[in-house]
Amino acid sequence: MINTFIGNMGHLMTIVAFVSSLVTAFAYFKYFQATEIEKASWQRFSRISFYVHAGSSIMIAFSLFEIIYNHRFEYFYAYSHSSMALPVHYMISSFWEGQEGAFILWIFWNVILGLILIHTNKVWEAPVMIVFALVQAFLVSMILGVVIGDLKIGSSPFILLRDATNAPIFQMNPDFIPEDGTGLNPLLQNIWMVIHPPTLFLGYASTLVPFAFLMGGLVTKRYSEWIRPALPWAIFSAMILGMGILMGAYWAYVTLNFGGYWNWDPVENAVYVPWLILVAAIHTMITFKKSATALKTSIVLVILSFILVLYATFLTRSGILGDASVHSFTDLGLSGQLFIYLIFFALVAIFLSVRAWKYIPSSEREASVYSREFWIFIGATTLGLMGFQVILPTSIPAWNALVESFGGISNMAPPADQVEFYTKFQLWFGIVLALLTAVGQFFWWQKMDKKALKDALLTPYIIAVIISALVIVLAKVYDWKYMILVVAGTFTIVANAVILSRLLKKSAFKLAGGSLAHIGLGMMLVGIMFSSGYSETISINMSGLTYSNSWEDELNKEHVLLWINKPLQMKDYTVIYRGRQKKVEGIQEYVPAKILEATDKVNEAIALEDYKDYFKKGDKVNIVLEENDYFQIEYYQNEVLKFSLSPMSQFNEGMGGLISSPDSKIYLDKDLYTYVAAMNDYEDPEWKEDQFYEAAPGEQFHIADYVTYFDGAEVMQEIEGYTLQEGDVAVKAKLRILDYDVEKKIEPTFIIRNNQVGKLPEIDNELGIKVTLENILPEENKFVFKVNQYQKDYVVMKAIVKPYINLLWIGSLIMLVGFTVAIYRRFDEFKKMRDKGLE
Amino acid sequence: MKKGPLIGIGIIAVAIVIIMTSIGDASSYETFDTAWEMKEDGNDKAIHVVGQLKKDTSGEVTGLNVRDDKTSFTFVLVDNDGTEQEVFYNEPVPADFTRSESVVVIGSYKNEEIFIADKILMKCPSKYQETEVQAAGM
């Protein structure tokens, strides 16, 4: 029976959340305007109203999760994003696979942030919460699912399958419930996809906090006081957003077969740019706190970072990227709504800033070249230009849409080689940033003039040059651009380490956030340079195959074809493909797929053979996601097995075929990254024509290309899966087939019953052969075998070496630690001022 | 000398360089006919062509030719003007390739017979647009 209650509740809660957000905005507005006597009651009312909003928002999330958790496939969302076989932690991923779920996640984070702000602020509550409530109204409207005439507002996740599709089955039986859903995209079945989206959306959500404080400051004419409460949140936001981006990059690295962690895809660019601007904003805000300059710049940057997050949402969720991105997006018809959301806040922010502009204090004093303000300003400008360089080409599809909406024709497309295009600019920006962070830190901590600067920088500079020279020589960095990057990166690491050690000596760890973050930056830059710039594909095809076209011979084939058991030389390694494996519950290692036979139940199999101490023949075992195949690839050096990798592939009909995830061998100084790009399909083999071989017991002969030993035949008393009757004669021929270093037993059976012949052939899927004992010729002492061939098992594989990628990950972690230290320090400052009653 | 204007000019200069290279390096959407004209004019720049895979009367994809070592293949793409063109791609066949609704090839002509794709983007039938519910459980 269809359960409509939970969906109706979810939908009702959406409406309650929408209305209560508007009421909250209105109530806080009244509270803001109210006289001292009325303030208390308006405050109480506003808060209650926000609590109602918070409660209903949490109920929305609960309802949707209930639908997924209890496999209510009568709902479109559960049907299209989950399935019975999905474990609980991936149900969480199902929750935000759809855009509606992602919006709910965003709403949820805003609610949490709003509750924290209400309870940590005194004077800022009203103006900040007005902005919050309005943002919530826009977000909730995205999942409202209300239709007024031709106008559709929002896309509700609570619609029933029968309303979402017009499948004929619902005309016959409106209460039809599918037994299973179409499942979660296997690429999202990864632990990083459980935690990456919430992190990223918390990053998105938290950019609202500094923006809300700024709007509050502009309205209440406290043009500079907003910085103090906003700063810890801006740093928090940059940290979380940065962490979200890095998790996404790491996820792409371990699950997608892009061959890397960053692809300059529009989706990645769209979050990278607001992060850059936010980081620039943090720097100008800190400068303002120190020396009362750069306030206007801070205001512009804070507004820009918030609007860019909305722009990123617009680009990625309106379907406008269409042909430009490898990520497939669907247009839920929200583009208009998203655009209004973006324009509304952009206009409000511009209006309030323009109105306040001439009252905003700015310093007339020209910043000296030896002042930290000057260098911070240059740094912020560099970050801004960096963002500009990325967002401009990323917006080409939006530009086309704009031109076309005015009736024009624009056939501009994003650059063909995105990696090359973005790298040639970002590399230099990275170098400039590294140099600025090295020099800037010295300006930050002490007064500088020409001589002091020279003294302070000389030692770190010499150390950095020596280290870089070593790195360049030892790691063979012979590209001049990369050499400069190594020097710049090392310089910032050394210079900031000097500052860090001074701070630690004074036990001022609280102040060390900046130098830690900059050390992280230096390491990341060097790590990115090595792992991307010197990434080397070692799976170059040397098959010696000549092609029909001469031009084709000139192209590098970056994949190799591995036939099962056949060794292949690949750079320093010899690799051998050993067959498919499955992951079995409770067993650490993978189990060969050929000894498991699927049963009718999902994720269950029967063992055909004993396997080590884990299970016995005939045992039932549980497979972890039966669609997943793990291809065992052995790597040898000097004939010694060094390690073996098991890249995963899943043949998923519903998701459109083969989905691959890489497996990497991780060394301290490099990763060896391997993935499967194509594989053999051995469902429904088309057997080739019959071939007949005659052999006597004890004889050695060739079946196809394989050396085969006929060890003899045996009269059987019983046969598995077949009941022998009185008078039956069953003969089993024992063949051993050699395939390189592997010996296979193939034992076809021949049965005679009442002068009738029955044949039980043996199939070996890995070799792609079927052997039938066709006849026995007693007078010649010979056996006749019929052999049919199909396709020997194979994989097409790519292997890439990524040197020093660990530097990138370690640098990222250090940068995050730096951010955390800075948040602690700035929040502490805010708290002290607030408790003194000053804020 | 005041630094303010100097820095301002510097920023504007960098911004202009960025804008010019973005326009200069931007690719374009073409048809096979215009792409070939570009090639004949000596323009080797990689461009985008949007099209569909060639299908026979029963709706099966035809013209797919996988090389023996399975690491590259050619296929026939029909652009939006209906021009058919054989395209070579130096990668194994992407998994959902034959199911894709439309294919974007990014690359250029090698000679009149063959277009070489450096990159392929596929638009796959979206789950959202699927109007059939599989007969699961029927």
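Residues numbered from 1 in each chain as written. Chains lettered and ligands numbered in written order. Predicted model: local features only at pLDDT ≥ 70, side-chain atom pairs only at ≥ 80, totals over all residues.

Enquirer: Would you mind going over the overall build of chain B with me for this structure?
Expert: The helix and strand tally for chain B stands at 2 helices and 7 strands. Reading chain B from its N end, one meets helices and strands in the order α-β-α-β-β-β-β-β-β. Residues classed as buried in chain B amount to 26% of the 138 residues present. Residue pairs in contact within chain B that sit at least 24 positions apart in sequence constitute 49% of those at least 6 positions apart. (Helix = DSSP H or I, 4+ residues; strand = E, 2+ residues; numbered from the N terminus. Buried ≥ 20, exposed ≤ 12 C-beta atoms within 10 Å, placed from the backbone. Contact = placed C-beta atoms within 7 Å.)

Enquirer: How should I be thinking about the pairing of strand β5 (residues 84-89) of chain B in this particular structure?
Expert: Moving residue by residue along a regular strand, the side chains alternate between the two faces of the sheet. Residue and element names in this part refer to chain B. In this structure, strand β4 (residues 73-79) lies alongside β5, joined through 6 bridges in antiparallel fashion. Residue pairing for β5: L77 is matched across the bridge by Q85. The turn joining β4 and β5, which pair antiparallel and follow one another in sequence, is formed by 4 residues; a positive phi near 90° is taken by G82. Bridge analysis of β5 against strand β7 (residues 114-123) gives 4 bridges, and the strand direction is parallel. The partner of E86 across the bridge, within β7, is I114. (Pairing = 2+ DSSP bridges.)

Enquirer: Any chance you could explain the nonpolar core here in plain terms?
Expert: Generally speaking, a soluble globular protein has its nonpolar side chains buried in company with each other. Residues and elements named next belong to chain A. The biggest cluster of nonpolar side chains holds 177 residues, and the ones touching the most others in it are Y75, L214, A234, I235, A238 and I277. In terms of residues, this core owes the most to one element, helix α11 (residues 227-255), which gives 18 residues. Taken domain by domain, the makeup of this core includes at least three residues from each of domain 1 (1-184) and domain 2 (191-414). Ignoring anything within four residues of it in the chain, the contact list for I235 reads I282, F819, A822, I823 and R826. In terms of nonpolar packing, the next biggest core, distinct from the first, is built from 27 residues, L562, V575, A678 and V795 among them. (Core = buried A, V, L, I, M, F, W, Y, C linked by C-beta atoms within 7 Å. Domains from an automatic or database assignment.)

Enquirer: Explain the packing of helix α9 (residues 191-206) of chain A against α11(A) to me, please; I cannot follow it from the model alone.
Expert: Two measures define how a pair of helices packs: the angle their axes make with one another and the distance between the axes. Residues and elements named next belong to chain A. Here α9 crosses α11 at 150°, and the two axes come no closer than 8 Å. The angle between the axes of α9 and α11 places the two elements in the roughly antiparallel class. With respect to the hand of their crossing, α9 and α11 are arranged in left-handed fashion. On α11, the residues that touch W192, M193, I195, H196, T199, L200, L202, G203 and S206 of α9 are W233, F236, S237, I240, L241, M243, G244, M247, G248, Y250, W251 and V254. Its residues placed into classes, the contact of α9 with α11 shows 14 nonpolar, 7 polar and no charged. (Axes fitted to C-alpha atoms, helices over the stretch in contact; angles between N-to-C directions. Parallel < 35°, antiparallel > 145°, perpendicular 65-115°, else oblique. Left-handed = near helix turned anticlockwise from the far one by under 90°. Nonpolar A, V, L, I, M, F, W, Y, C, P; charged D, E, K, R; others polar.)

Enquirer: So what exactly am I meant to see when it comes to the environment of A:P662 here?
Expert: Residues and elements named next belong to chain A. On the secondary structure map, P662 appears in the loop between β15 (657-661) and β16 (663-666). Residues P662 and V676, 14 residues apart in the sequence, show an inter-C-alpha distance of 7.2 Å. Sequence-distant contacts of P662, that is, excluding residues within four places in its chain, are made with V254, N257, P647, Y673, T674 and Y675.

Enquirer: Sorry, what's going on with helix α10 (residues 208-219) of chain A here?
Expert: Since there are 3.6 residues in each turn of an α-helix, residues three or four apart along the chain are aligned in direction. Residues and elements named next belong to chain A. Under the 1.5 Å per step criterion, the end-to-end length of α10 is 16 Å for 12 residues, consistent within 8% with the ideal 16 Å. Those residues of α10 not exposed but buried are L208, V209, P210, F211, A212, F213, L214, M215, G216, G217 and L218. Elements in contact with the buried residues of α10: α5 (99-120), α6 (125-141), α9, α11, α13 (295-317) and α14 (335-356). Looking at the residues trailing α10, positive phi occurs at K221, about 60°. (Expected span 1.5 Å × (residues − 1).)

Enquirer: Can you help me understand the packing of helix α17 (residues 418-445) of chain A against helix α19 (residues 480-505) of chain A in this one?
Expert: Residues and elements named next belong to chain A. Put simply, α17 and α19 touch, their axes get as near as 9 Å, and they point 20° apart. If you check the angle between α17 and α19, you find them roughly parallel. Crossing geometry of α17 relative to α19 is assigned as left-handed. Contacts between α17 and α19 involve L427, G430, I431, A434, L435, T437, A438, Q441, F442 and W445 on the former and, on the latter, K481, I484, L485, A488, G489, F491, T492, A495, N496 and I499. Grouping the amino acids of the contact of α17 with α19 by side-chain chemistry returns 13 nonpolar, 6 polar and 1 charged.

What is shown is where atoms sit, not what they do.
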